[in-house]
Amino acid sequence: MVRSLSTLLSLTLLAPAAFAASADDWKSRSIYQLVTDRFNNVKDSSASCNSEDRKYCGGTYQGIIDKLDYIKGMGFDAIWISPVVKNVDGETANGFAYHGYWTEDLNSLNSNFGSADDLKSLATALHGKGMYLMVDVVVNHFVANPSGASLPQTFDYSSLLPLSASSDFHPECFITDYNNQTDVEQCWLGDASMPLLDVDTENSTIAQIFNDWVGNLVKEYSVDGIRIDTVKHVRKDFWPAFASSAGVFTIGEVLNGDTSYVANYTEVLDNVLDYPTWYPLTRAFNTTSGSMSDLATQYTAGQGAFKNGLFTAGSFLENQDQARFQSHTTDDGLVKNAITWTFINDAIPILYYGQEQGYTGGEDPYNREALWFSGYETSKPLVEHVTSLNAARKLAISVNKDFTSTASKFIGQSDESTLAISKPPLLTLLTNAGSSGSASWSIPSSASLFSKGDTVVDVVSCNTYTVDSSSGDLSITASSGLPKVIVPKSKLDGSVCSTTTDGALSVAANRTLLVAAVAGIFLSIL
């Protein structure tokens, strides 16, 4: 029997107020990434915000607090927010620092997002709901407006704290050869109009400043995890002491598609964002002719190359640095399949804000739209899709204690437009046939996932299928190119997707039960 919704929600509120947020603790989480300035303007819900202007639009920590139920309602139990430190004031050649990545004063907060008490209140509110706080941090560079465009440039170093001398930074040179690791680490990002002053992290005194800073940040604001920007632009041997000083889960951004190159950074941090899989993922579902085999091959390579596999890597389809997926295609089938991938593989799922509302912004700055324009609607198809995926993953974790440490496997298919991914109790069936296409999958009895005659449920659509009683094979066909996430009905124990007399399933009613059940499962996962 399913416990009542009120009982489940009451139990959720009894979750601990603080967490020992190690890498293992993060495995079972799903992350909602947001740009703090663009998530919720609590003072003016109709405030204008043209992302092309690259200006502050008024999003705050209090705005996030006010919409935590929106995030949690989709099944997310962690958020990743923008960098919190004070950024360069005023307008630069690339607009204002609303995104938080242009540090000016490491030891002060960006007051545009709120006060220190506001940030502490956000952590408290999250922990009260059984959720984690991940804060983005930047080590590689500071920003100060240059005196002019001619090289060498001069800067007002006195405005940069606590690194206030030119010798605290590498000599000015811009990266021209990304195959030269010394250039990547010691030359500057940006250009003469918008230079990012590259910190001399080889200096042991400066390294200690950052180690002390990140430890204090975590302690002062009850941070549960750290996402690190531009990791490959800092020497690898800087990172172990930094991560140790943080004392919480660390995940780095290494913007590169080469598995071997990226895997090296899993030796010095808990893990990284899974960019090597992101590239073939977007190619696979951008069109109906994308290569599904390339996606499978690249993903499998990451499983073997990353130090601890992909279990604590970050699986994503969109973020603040890349054009939104729906700027490439709005085909419902392709979009839903691509999103589904991020929730069913070994890694921690990460959803970039606005993706659930169907936002279509292109490259930066167009992919940083204000979410208040959406009205935070919860009846949108992608909101419901994401909610179902989060619920399916959490149910799988509750059913299989080894779910987050068991590697997923591909089951070969004759249809090149399909993938079948086994991660018991989940069997995920993906296709890039598109909304006007159809696809079919055959799961042989040799896969040892089901017994003859078993009833299985697609927890996305709440449709049921029956395993062949003679052969033990499972054959499924999908119309409109939609994905399927299959679970043995016996594993659901009647808590979701109850059948009607005609064998069809009521989607709306059972989705409500599914979300309610997942709310009650939070305690068993914490």
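Predicted model only: the values in this text are computed from it and were never measured. (Residues numbered from 1 in each chain as written. Predicted model: local features only at pLDDT ≥ 70, side-chain atom pairs only at ≥ 80, totals over all residues. Heavy atoms only, no water.)

Participant: How should I be thinking about the overall build of the protein in this particular structure?
Facilitator: A count of helices and strands for the protein gives 16 helices and 22 strands. Put simply, the protein has 526 residues, and 59% of those count as buried. When contacts within the protein are restricted to residue pairs at least 6 apart in sequence, long-range pairs at least 24 apart make up 70% of them. Split by element, the accessible area of the protein, about 19300 Å² in all, is 48% carbon and sulfur. (Helix = DSSP H or I, 4+ residues; strand = E, 2+ residues; numbered from the N terminus. Buried < 20%, exposed > 50% of the residue type's maximum accessible area, 1.4 Å probe, protein only. Contact = heavy atoms within 4.5 Å. Areas by Shrake-Rupley, 256 points an atom, 1.4 Å probe, with all protein chains shown as cover.)

Participant: Would you mind showing me how to read helix 8 (residues 204-221) here?
Facilitator: Note on helix geometry: an α-helix contains 3.6 residues per turn, so any two residues three or four positions apart are oriented the same way. Look at helix 8: 26 Å from first C-alpha to last across 18 residues, which is about the 26 Å you get at 1.5 Å a residue. Every buried residue of helix 8 is accounted for by I206, A207, F210, N211, W213, V214, L217, V218 and Y221. Down the axis, helix 8 shows its buried residues gathered within 165 degrees of arc, on one side only. Exposed residues lying more than 90 degrees from the buried face of helix 8 are S204, T205, N216 and K219. Regarding helix 8, its N-cap is N203, as a side-chain oxygen of that residue lies 2.8 Å from the backbone nitrogen of T205 further along. Once helix 8 finishes, S222 follows within two positions and takes phi at roughly 50 degrees, a positive value. (Expected span 1.5 Å × (residues − 1). Arc of directions from axis to C-beta. Polar contact = N/O pair within 3.5 Å; in protein donor to acceptor, adjacent residues only side chain to side chain.)

Participant: When you look at the sheet that holds strand 1 (residues 31-33) in this model, what are you seeing that I'm missing?
Facilitator: Strand-to-strand pairing in sheets goes through backbone hydrogen bonds, with the strands running parallel or antiparallel. Spatially, the 8 strands line up as an open sheet ordered 11-10-9-5-2-1-14-13, and their pairing is parallel. At either margin of the open sheet sits one strand with a lone partner, and together these are strand 11 (271-272) and strand 13 (314-316). When strand 1 meets strand 14 (residues 348-352), the two strands line up parallel, connected through 3 bridges. In the strand pairing of strand 14, Q33 is matched with Y352. Docked against the sheet, helix 9 (residues 239-246) engages strand 5 (132-137), strand 9 (225-228) and strand 10 (249-252), running at close to 150 degrees with respect to strand 9. (Pairing = 2+ DSSP bridges. Axes fitted to C-alpha atoms, helices over the stretch in contact; angles between N-to-C directions.)

Participant: I'm lost on the packing of helix 11 (residues 275-286) against helix 12 (residues 292-305) in this one. Help?
Facilitator: Between two packed helices, both the angle of their axes relative to each other and the distance between the axes serve to describe the pair. Where helix 11 contacts helix 12, the axes come no closer than 8 Å and their chain directions differ by 165 degrees. When the axes of helix 11 and helix 12 are compared, the pair comes out roughly antiparallel. In terms of crossing hand, the pair formed by helix 11 and helix 12 is left-handed. Contacts between helix 11 and helix 12 pair P276, T277, P280, L281, A284 and F285 from the former with M292, D294, L295, Q298 and Y299 from the latter. Within the contact of helix 11 with helix 12, the residues separate by chemical class into 8 nonpolar, 2 polar and 1 charged. (Parallel < 35°, antiparallel > 145°, perpendicular 65-115°, else oblique. Left-handed = near helix turned anticlockwise from the far one by under 90°. Nonpolar A, V, L, I, M, F, W, Y, C, P; charged D, E, K, R; others polar.)

Participant: Whenever I open this one, the pairing of strand 22 (residues 484-488) confuses me. Can you help?
Facilitator: Looking along a regular strand, one sees the side chains alternate between the two faces of the sheet. Of all 5 residues making up strand 22, 5 are buried, and the element is well covered by its neighbours. Here strand 22 shows two buried faces, one formed by K484, I486 and P488 and the other by V485 and V487. Taken together, the 3 bridges between strand 17 (residues 426-431) and strand 22 define a ladder with antiparallel strand orientation. Along strand 22, the bridge assignment pairs L427 with I486. Pairing geometry for strand 19 (residues 455-458) and strand 22, over 3 bridges, is antiparallel. Following the sheet pairing, V456 is matched in strand 22 by P488.

Participant: Looking at this structure, I do not really get the nonpolar core. What am I missing?
Facilitator: Generally speaking, a soluble globular protein has its nonpolar side chains buried in company with each other. Core analysis: the largest hydrophobic core is formed by 118 residues, its most contacted members being Y32, I81 and F210. With 16 residues, the next largest nonpolar core counts I31, Y132, Y275 and F316 among its residues. (Core = buried A, V, L, I, M, F, W, Y, C linked by side-chain atoms within 4.5 Å.)

Participant: For this particular structure, what's the right way to read the state of the cysteines?
Facilitator: One covalent bond between the sulfur atoms of two cysteine residues makes up a disulfide. This structure, assessed with the given rule, holds 2 disulfides. With its sulfur 2.1 Å from that of its partner, C173 forms a disulfide with C187. One disulfide, between C173 and C187, carries an S-S torsion of -100 degrees and so falls in the left-handed class. You can see C173 sitting in the loop between strand 6 (141-142) and helix 7 (181-186) and its partner C187 sitting in the loop between helix 7 and strand 7 (189-190), a full 14 residues away along the chain. With a relative accessible area of 29%, C173 lands in the partly exposed category. (Disulfide = S-S within 2.5 Å.)

Participant: Quick question: what am I supposed to make of the sheet that holds strand 6 here?
Facilitator: Read across the sheet, 3 strands follow the order 6-8-7 without closing on themselves; strand pairing throughout is antiparallel. In this open sheet, the two edge strands, each paired with only one partner strand, are strand 6 and strand 7. Alignment of strand 6 against strand 8 (residues 195-198), held across 2 bridges, turns out to be antiparallel. Opposite H141, over in strand 8, you have D198 as the bridge partner.

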